[in-house]
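In case you want the letters, here they are:
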Amino acid sequence: MKIAYILSQNSGGLPHYAAQLSNAVAKHADVTVLKAEETTADDVFTEDVRVLNTFKSMNISLPELRKFNFDIRRNLKALASYKNLRLIETIDPDIVHDPTGLFPQVKFYANRYRLDEKYPFIVTHHEISVERVPLSRPPDALEGIVDALISDLDIRHSIVHTENQRTVLRNRIPDSEAVSVIPHGVNDMFGDYDYEELPEEDHTVLFFGHIIPAKGIDTLVKAIPLVRKQVPDVTLVIAGNGRLGKRSREIIDRHPENFEVHDHFIPNDRVGEFFSRAALVAVPYRRQKGGTKGHSGTLATAFSFGKPVVASTAGEFSKLVGESGCGEVVPPENPEALAGVIADLLENPEKRARMSEQSTKQAERLSWNTIAERYLDLYEDVLDEH
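Residues numbered from 1 in each chain as written. Predicted model: local features only at pLDDT ≥ 70, side-chain atom pairs only at ≥ 80, totals over all residues. Heavy atoms only, no water.

Outline the sheet that holds strand β11 (residues 280–283), supporting the account with residue identities and numerical values.
Across the sheet, six strands lie side by side as β10-β9-β8-β11-β12-β13; this open sheet has parallel pairing. Bordering the open sheet on either side are β10 (259–262) and β13 (327–330), each of which pairs with just one other strand. Strand-to-strand, the axes of this sheet are offset by a mean angle of 20°, without reference to chain direction. Sheet topology places strand β8 (residues 204–208) next to strand β9 (residues 235–239); five bridges connect them, and they run parallel. Among the inter-strand pairings, T204 is bridged to a residue of β9, identified as T235. In the packing of helix α9 (residues 217–227) onto the sheet, contacts are made with β8, β9, β10 and β11, and the angle to β9 comes to roughly 160°. (Pairing = 2+ DSSP bridges. Helix = DSSP H or I, 4+ residues; strand = E, 2+ residues; numbered from the N terminus. Axes fitted to C-alpha atoms, helices over the stretch in contact; angles between N-to-C directions. Contact = heavy atoms within 4.5 Å.)

Here it is as C-alpha cells:
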C-alpha cells in the first residue's frame, strides 16, 4: 500500500502528530510525506519515511499573530507554494491523507488538481468548531470564511479524536457514516532525545504549549496566588510560544518567586527537561461551544512521561483524565476550584504516584503502534469501497 501524507503546517503540535503517524504506518506500508522546507518535526521522521520538502515555510499561527510577527510577503509565497501538491501525481499513491486538518491552501489546490477524484482522500480533523465561522475567534473566523469560499472536496473518510467531534461533523457531511474516532497517539518521541533529565520538584506545576487564551493560561495564573497560601513555594513553569495577557503579567510581576516563564518555542530536545521537573501538568482549557475539544498535545506528552494531570472539564478531558485515573478535573475558568485541586495534589505525593501509574497505562493504550493499526484498517476499508 502506498500512502501520501500532506503535512500543511510547519510549527506547533501538528507536525509532531503527522511525523509520528507516518513513522508508525511506514513499518507496514510505503509512506511519502509532502511537507514544508522546515518544520518542528524534521528530526522526528525515521529512515522508513520518504520525505519531500515540497512547500515554503510560513508563520501563520495564533502565537505568532499575538506577537504581531507576521510577514505578509513570506506567507503569500508559502501559500502559493502549495501548487506543488501536483507532485502527488508522480507518487501515484493508493491513499492521500491530510493528517493536519485540511487547511484552506490544501483544499484549494487539491480542488484545482482534482486530487480527490484521482485518489481516495482522507482527512484527520483535530479541532471541530460547532460554528462554521466562529466569530468570537477572529483568526478561526477568517479561516472559516476562506474555507467556505472554496468548493468542498470529495472526502472519502474523516477522522476525529472524540465522540463529540464526530457528532458535530456528521451533521455537516453527506455521508454521516464516513467519520471515525481514532484517539490522539501519545507523544512518546520526546523521550528519545538526549535531554537533561532533572529531578522531579515536589511543588512544580507545568503549563506547556502555545500560550493562547483558549488554553486557559489566564485562569491558571490567577490560581497560583491562591495555591501559595497553602503551598508557599509552589512554582508554575510556563513553557511555550506566545504572549501572556496584561493581567497575567501583572500577577506574575507581583509574585516572581512563584513563576518561571519561557515564552518561546521549546526545542524538541528540551521538552523532556521540563516534564521531568514537573510534579503536576496543568491543562486548564477554556469552555468550547459544544464541547468539541478533541485532545491536547500537552496531555499526550504528559502521558508519555507518566505525569499526573489537572485539567478542565472542557471537551472530553473528564474521560481522558478524570475517569482514567490520570488526574483530576475542575470546571473551566474557575481559578478557585483549580487552585484547590492543585494544592491538594502537590501536598499528596501518594495520590500523585497512583495517578502517574495510570498515566503510564494511558501511554501504553495510546501507543503509535496501536493507533497506526487502526489507520491501516481504515485505509484497507476505504480501498475496498473504492
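Explain the nonpolar core to me, and be specific about the residues and the numbers.
By size, the foremost hydrophobic cluster in this structure holds 59 residues, and its most contacted members are Y5, V25, L206, F275, F317, Y375 and Y379. Ranked by residues supplied to this core, first place goes to helix α16 (residues 368–385) with eight residues. Those residues within four positions of Y5 in sequence are excluded, and the remaining contacts are L21, S22, V25, V31, T32, V33, L34, H97, P99 and Y379. (Core = buried A, V, L, I, M, F, W, Y, C linked by side-chain atoms within 4.5 Å. Buried < 20%, exposed > 50% of the residue type's maximum accessible area, 1.4 Å probe, protein only.)

Provide a residue-level description of the sheet that holds strand β4 (residues 95–98), including the pertinent values.
Read across the sheet, seven strands follow the order β3-β2-β1-β4-β5-β6-β7 without closing on themselves; strand pairing throughout is parallel. Among the strands making up the open sheet, the edge pair consists of β3 (50–55) and β7 (179–181). This sheet shows a mean twist of 20° between the axes of neighbouring strands, independent of strand direction. Direction of pairing for strand β6 (residues 155–160) relative to β7: parallel, over a ladder of three bridges. By the bridge assignment for β7, S158 is matched with V179. Taken strand by strand, helix α8 (residues 163–170) contacts β6 and β7, and its axis lies near 175° from that of β7.

Explain the packing of helix α1 (residues 14–25) against α16 residue by residue, including any values.
Contact pair α1 / α16: the axes reach a minimum separation of 9 Å and the direction vectors enclose 75°. By the angle between their directions, the pair α1 and α16 is classed as roughly perpendicular. When α1 is examined against α16, the residues Y17, Q20, L21, A24 and V25 are found in contact with a partner set consisting of W368, A372, Y375, L376 and Y379. For the contact of α1 with α16, the per-class residue count stands at nine nonpolar, one polar and no charged. (Parallel < 35°, antiparallel > 145°, perpendicular 65-115°, else oblique. Nonpolar A, V, L, I, M, F, W, Y, C, P; charged D, E, K, R; others polar.)

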